[in-house]
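Listed below, chain by chain, are the residues.
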Amino acid sequence: MSTPSNNVWAPAQVPVGEPGVPTHWLNPIPSLPEPLPPVVDDSEDQYRMKLQRRIRLQSMLALDADTNSLIPIPEAVREDLANIGRPTPLTRARALERRLGTPAQIYLKREDTLPTGAFKLNSAMAQVRAAKEEGAERLVTETGAGQWGHAVAFACARLGLHPTIFWAAISARQKASRHALLELLGARVESSPSSVTELGRRVGSDPTMVNGSLGLAIGEAVEYAAGHPETRYISGSNVPHVLIHQSVIGLETKAQLAALGVSPDVLIACVGGGSNLVGFMAPFFDDKAARGDDLRFVAAEAATSPRLTKGRYEYDYSDLGCNTPMVKSYTLGRDYELPPTHVGGLRQHSGSPIVGVVHHADLLEARAYEEKDIFAAGHALLMAEQILIAPESCHALLAGIEEALEAKRAGEARVIVICVSGSGTHDLEGYVEKVIKQ
Ligand SMILES: Cc1ncc(COP(=O)(O)O)c(C=O)c1O
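Let me sum up the structure you'll find in this document.

Cut-offs and rules
Residues numbered from 1 in each chain as written. Predicted model: local features only at pLDDT ≥ 70, side-chain atom pairs only at ≥ 80, totals over all residues. Heavy atoms only, no water. Disulfide = S-S within 2.5 Å. Buried < 20%, exposed > 50% of the residue type's maximum accessible area, 1.4 Å probe, protein only. Phe/Tyr/Trp six-rings, centres within 6.5 Å; stacked < 30°, edge-to-face > 60°. Helix = DSSP H or I, 4+ residues; strand = E, 2+ residues; numbered from the N terminus. Lys NZ or Arg CZ within 6 Å of the ring centre and 35° of its normal. Core = buried A, V, L, I, M, F, W, Y, C linked by side-chain atoms within 4.5 Å. Domains from an automatic or database assignment. Near = heavy atom within 4 Å. Polar contact = N/O pair within 3.5 Å; in protein donor to acceptor, adjacent residues only side chain to side chain. Nonpolar A, V, L, I, M, F, W, Y, C, P; charged D, E, K, R; others polar. Axes fitted to C-alpha atoms, helices over the stretch in contact; angles between N-to-C directions. Parallel < 35°, antiparallel > 145°, perpendicular 65-115°, else oblique. Contact = heavy atoms within 4.5 Å. Patch = residues over 30% accessible without salt bridge, like charges linked within 9 Å, V, L, I, M, F, W, Y side chains within 5 Å. Areas by Shrake-Rupley, 256 points an atom, 1.4 Å probe, with all protein chains shown as cover. Salt bridge = Lys/Arg side-chain N within 4 Å of Asp/Glu carboxyl O. Pairing = 2+ DSSP bridges.

### Some words on the state of the cysteines
Under the criterion given, the structure shown has 0 disulfides. The closest cysteine sulfur to the non-disulfide-bonded Cys270 is located on Cys419, 7.1 Å from its own sulfur. Under the relative-accessibility criterion, Cys270 is labelled buried at 2%.

This is the structure we're talking about:
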């Protein structure tokens, strides 16, 4: 992997303040090494673009179009972020280091400590606050693992809005405790494929599709919003404004590492749509531009949805209904059969175009992991540090463990920083199946 030596890779300098709730979001788009490929609607009347403009929050469309690198976080949102427990801790996993016998230092950015157990709340608070200010009372969205749905239900309960959530059936079934929690928080939950939309009814009649997928749930949520003009559609990943919201993770990490006087050698995150990864890494783009291969970015994906390691870099729809404009990113093709797994948050056929550009420019390494191996890594962390993390985050952890063992072989005191995107409290079924019963 090499850093381009011409001037296209010239990211904004990120101001490193005291550790605290950041005052600004960092927009990764102006500093990408290649221009972001535009979204494309090949329909004659541009109906997909028009639909997006009608169903989405105006302030989110404005954020997507913002060309500034640093965007002030509205004061009410900063307060919301402080109230949910930001900044999240950056902790050193010394017991894990000892178990691995590595000279490497392993740091964990602990998004699992947020009240819904995942980083998704960072964007949910910002979007639901924006919806309230725009006067929207009803929201619709989709969720894969349920972490995003949980975050939206939490934010809506806090700010007095009413969400409908299409939830990929496989995860909705696996996570009965989270399902109950969403309903207790007042959300209307529809297992996808549902009988509520035309797309859900059509796809649901195909026995191979009964487990659902994120792409299907997106299609259902978009169709629902199209038919309910009083309802606004919001997303939990893929689109630029979500990745911008998630930059609080990396901005905090950067300030926390600076306060410790530590400089990272490798940053690792799991990747589904790309929001925790870009939010965590974008504030370090300026360091990478200066340090080249001395600072590495690693994306950990599921071997069952290997977009970056095996997908094609081309235009595709993110929803199975093909009602959203096409975006260029790494895709497996929307007809790709995604096997049922316990890793709902990484189980999708395509992802964010921003991740696509960074990977295509050779600035982001990608590794794919099997489910049994990631749960073993999660169990190792539980035994060492007594922290139970989400299966999605276990992918990043496993890549971090590999780095630490490689550092041991090389005798290097490498600094490894891992984004722990979520808690595994609602993923016990997976741990039971893949660890206890093995
Ligand atoms: C805990 C957790 N981590 C990671 C992800 C992946 O999302 P993204 O790639 O947008 O960060 C999800 C998505 O649901 C998740 O729930």
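### Concerning the packing of aromatic side chains
One pass over the full model with this rule turns up 4 aromatic pairs. Measuring from ring centre to ring centre gives 4.8 Å for Tyr313 and Tyr330, while their planes differ by 25 degrees; the resulting arrangement is stacked. With Tyr313 in strand E11 (residues 312-316) and Tyr330 in strand E12 (residues 327-331), this pair connects stretches of sequence that are 17 residues apart. Between Lys254 and the ring centre of Phe284, over which it is positioned, the NZ or CZ distance is 5.5 Å.

### Overview of the nonpolar core
Formed by 40 residues in total, the largest nonpolar core has its most connected members in Leu277, Phe280, Met281, Phe297, Leu364 and Val417. Elements represented by at least two residues in this core include exactly helix H11 (240-245), helix H12 (247-260), strand E9 (266-270), helix H13 (275-281), strand E10 (296-302), helix H16 (353-360) and strand E14 (415-420). In this structure, this core is formed jointly by two domains, domain 1 (24-76 + 120-240) and domain 2 (82-117 + 246-436), each of which donates at least three residues. Grouped together as the second largest cluster of nonpolar side chains are 35 residues, Ala300, Ile387, Ile389 and Leu398 included.

### Side note on the site of the ligand
Within the structure, the ligand sits among 17 residues, and Ser237, Gly272, Ser275, Asn276 and Ser421 are positioned closest to it. Ser421 places a side-chain nitrogen or oxygen 2.7 Å from a nitrogen atom of the ligand. When its residues are assigned to classes, the shell around the ligand shows 5 nonpolar, 10 polar and 2 charged. Residue assignment places the shell around the ligand across two domains, with domain 1 (24-76 + 120-240) and domain 2 (82-117 + 246-436) each supplying three or more.

### Side note on the environment of Val239
With respect to the helices and strands, the residue Val239 is situated in the loop between strand E8 (231-233) and H11. Distance from Val239 to Val327, taken between C-alpha atoms, is 9.8 Å for residues 88 residues apart in sequence.

### Considering the packing of helix H17 (residues 371-385) against helix H18 (residues 391-410)
It is at 8 Å that the axes of H17 and H18 come closest, and there the two elements cross at 80 degrees. Between H17 and H18, the interaxial angle falls into the category roughly perpendicular. Facing Asp373, Ile374, Phe375, Ala377, Gly378 and Leu381 of H17, the residues of H18 in contact are Pro391, Cys394, His395, Leu397, Leu398 and Ile401. When its residues are assigned to classes, the contact of H17 with H18 shows 9 nonpolar, 2 polar and 1 charged.

### Describing a nonpolar patch on the surface
A surface patch of nonpolar side chains, amounting to about 270 Å² of accessible area, comprises Leu428, Val432 and Ile436. Relative to the helices and strands, Val432 is located in helix H19 (residues 428-436). Here Val432 falls in the partly exposed class, since its relative accessible area comes to 31%.

### Digging into the pairing of E12
Here is the key point about a regular strand: its side chains alternate between the two faces of the sheet. Burial runs high along E12: 4 of the 5 residues are buried. Note that E11 and E12 share 5 bridges and pair antiparallel. Each bridged residue has a counterpart across the sheet, and for Tyr313 the counterpart in E12 is Tyr330.

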